[in-house]
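Architecture at a glance
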Amino acid sequence: MPFDATRAAIAAMGTTLTPDLLGQVRALFDAEQAALTQAVPAAAVDLAYGPHERHRLDLYGTPGDAPKPVLVFVHGGGFLRGDKGGSGAETWPNAAVGRMAAQAGMIGAVINYRLAPDHIWPAGSQDVLAALYWLVAHVADHGGDPQRIVLVGTSAGAVHVAGAIRLRPDLAARGAVLLSGLYGHTPLDERDQLYYGNAQDYAGRAPREAMAATTLPLLVAIAEFDPPRFQAEFLGLMADRLARHGTMPRGYIASGHNHYSMAMHLGTSDRRLADEIIAFVHAICA
C-alpha cells in the first residue's frame, strides 16, 4: 500500500489501543511482510538461552567475511502476551525485525521472554539479560560479533530493555533502541500492575532513573499516533536526559505510524525508521 494511503488509514484509527486495532494494522503490511518472510528465512530457530520454555530466540542472517553487528529485538504485548514470530507468512510480526537486520548486513536475534501474571517484575528484564549474555557467548558461532550487540525493544519490550539497563548498568551491549516505551514518567496503568505489582511500588521499580543516568548510547522513538501516555513518556525521558547530560539522546518521531505499526512496518518499503536504526547501529558499532 502506498505510504500516503497507509498514513491515512493509521490516522483514522486514532490513538486509543482497542482489541481489534492490532489486526487492522497487521493487514496494512501483510503482503510486504509475507514477501520478506520468503526472501529471508531464519538461520536458526528456538535456540534455548535459559531453562524456561519461553527462553528461546531465533536468528536471522548468515556469516560473512567478518563478524557482523547483532540486533536483538524484544517484542511488545503489554507484559501479558507476544511472541517472536516464526517462519510462516502468518507469523511474521516481530520476526520481521530480525529479517530487516539480516537484510541490512547484521545478525538479527528475536527473543521470547516470560510473561505476566505468572512471571512478575523484573522477570522480563532478567530474560533480556540472559538472552544478551547467551549471545555474547554463542553468537560468534552464527556470524555475529559479541562485542557489537545492540538491544531493541518495542512497548513492553522497550520497558524490559530499559529494565535490563537498570539491573545491569554495565551490560555488554553497545547501545539500545527504545520504541514507544514506558519509563516511569506517567502513573502506572492498572493493567500493568499484573507485571509491576502494587502502584505504590512502581516508582522504585520503573527504569526512569536508569534511563536518565545511563551513558549507553540511546535511540528513543515514538509514533505520531501513539497514545498520549506514551508520548508523555518520550518527552519526559528527553527532558530528563537534557537536564542530566545537557543534551538529548538520538530521537525519532515516526510520522504516520501508531503504537502497533511502529515495529510492524519495519522491513517494508517505508524505510525511514529502519534507516534511522541502521544508521544508529553503524554509528555506535564502527
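Scroll up for the structure.
A brief structural summary. (Residues numbered from 1 in each chain as written. Predicted model: local features only at pLDDT ≥ 70, side-chain atom pairs only at ≥ 80, totals over all residues. Heavy atoms only, no water.)

Right, let's talk about the packing of helix H4 (residues 123-138) against helix H5 (residues 156-167) for a bit. For the pair H4 and H5, the least separation of the axes is 8 Å and the interaxial angle reads 75 degrees. One finds that H4 runs roughly perpendicular with respect to H5. Seen from H4, the contacting residues are Gly-124, Ser-125, Gln-126, Val-128 and Leu-129; seen from H5, they are Val-159, His-160, Val-161, Gly-163, Ala-164 and Leu-167. When the residues that make up the contact of H4 with H5 are grouped by side-chain class, the tally is 6 nonpolar, 5 polar and no charged. (Axes fitted to C-alpha atoms, helices over the stretch in contact; angles between N-to-C directions. Helix = DSSP H or I, 4+ residues; strand = E, 2+ residues; numbered from the N terminus. Parallel < 35°, antiparallel > 145°, perpendicular 65-115°, else oblique. Contact = heavy atoms within 4.5 Å. Nonpolar A, V, L, I, M, F, W, Y, C, P; charged D, E, K, R; others polar.)

Tracing the chain through its elements places Asp-58 in strand S2 (residues 56-60). Classification of Asp-58 as buried rests on a relative accessible area of 1%. Note: C-alpha distance between Asp-58 and Ile-111 (53 residues apart in sequence) is 6.6 Å. In contact with Asp-58, not counting residues within four places along its chain, are Ala-44, Val-45, Asp-46, Lys-84, Gly-85, Gly-108, Ala-109 and Val-110. Within polar-contact distance, the side chain of Asp-58 engages the backbone nitrogen of Asp-46 at 2.7 Å. (Buried < 20%, exposed > 50% of the residue type's maximum accessible area, 1.4 Å probe, protein only. Polar contact = N/O pair within 3.5 Å; in protein donor to acceptor, adjacent residues only side chain to side chain.)

This brings us to the nonpolar core. The biggest cluster of nonpolar side chains holds 53 residues, and the ones touching the most others in it are Leu-57, Leu-135 and Leu-171. For this core, the leading source of residues is H5, giving 7 residues. Sequence-distant contacts of Leu-171, that is, excluding residues within four places in its chain, are made with Leu-129, Leu-132, Tyr-133, Leu-151, Ala-164, Ile-165 and Leu-216. Within the second largest apolar cluster, 42 residues are counted, among which are Ala-101, Met-106, Ala-223 and Ile-277. (Core = buried A, V, L, I, M, F, W, Y, C linked by side-chain atoms within 4.5 Å.)

We now examine the packing of aromatic side chains. Tallying each qualifying case throughout the model produces 4 aromatic pairs. A ring pair is formed by Phe-79 and Tyr-195, whose centres lie 4.7 Å apart and whose planes are at 5 degrees; its orientation type is stacked. Of the two residues, Phe-79 sits in the loop between strand S3 (68-74) and helix H3 (95-103) while Tyr-195 sits in helix H6 (residues 193-196), which places them 116 residues apart along the sequence. Of the two residues examined, Phe-79 and Tyr-195, each falls in the buried class. (Phe/Tyr/Trp six-rings, centres within 6.5 Å; stacked < 30°, edge-to-face > 60°.)

This part takes up the sheet that holds S2. Spatially, 8 strands are ordered S1-S2-S4-S3-S5-S6-S7-S8 in an open sheet, and the strand pairing comes out mixed. A strand with exactly one partner marks an edge of an open sheet, and here the two such strands are strand S1 (42-48) and strand S8 (250-258). Recorded for the sheet is a direction-independent mean angle of 20 degrees between the axes of neighbouring strands. As judged from the 6 bridges shared by strand S7 (residues 218-225) and S8, these two strands associate in the parallel manner. When the sheet's bridge partners are listed, Ala-221 is paired in S8 with Tyr-252. (Pairing = 2+ DSSP bridges.)

In this structure, the largest pocket occupies an estimated 890 Å³ of space. What lines the largest pocket is a set of 32 residues, among which Gly-77, Gly-78, Ser-155, His-259 and Tyr-260 lie closest to the centre. For the lining of the largest pocket, the class distribution of residues is 13 nonpolar, 12 polar and 7 charged. (1 Å grid on protein atoms, 1.4 Å probe; cavity = no way out; pocket = protein on both sides within 12 Å on 5 of 7 lines; lining within 4 Å. Points joined across faces, edges and corners; volume = space filled by probe spheres on them.)

On to H4. Across its 16 residues, H4 extends 22 Å between first and last C-alpha, which sits within 8% of the 22 Å expected from 1.5 Å per residue. Listed in full, the buried residues belonging to H4 are Ala-123, Gly-124, Ser-125, Asp-127, Val-128, Leu-129, Ala-131, Leu-132, Trp-134 and Leu-135. (Expected span 1.5 Å × (residues − 1).)

Turning our eyes to something else, we now look at H5. The periodicity of an α-helix, 3.6 residues per turn, causes residues three or four places apart in sequence to face the same way. When the terminal C-alpha atoms of H5 are compared, their 16 Å separation across 12 residues agrees well with the 16 Å that a helix rising 1.5 Å per residue should span. Counting buried residues along H5, 10 of its 12 residues qualify, which places the element largely inside the surrounding structure. Listed in full, the buried residues belonging to H5 are Ala-156, Gly-157, Ala-158, Val-159, His-160, Val-161, Ala-162, Gly-163, Ala-164 and Ile-165. Where H5 is buried, its residues meet S3, H4, strand S5 (144-154), strand S6 (175-179), H6 and helix H8 (208-213).

Without other data, these values stay purely geometric and don't point to any function.
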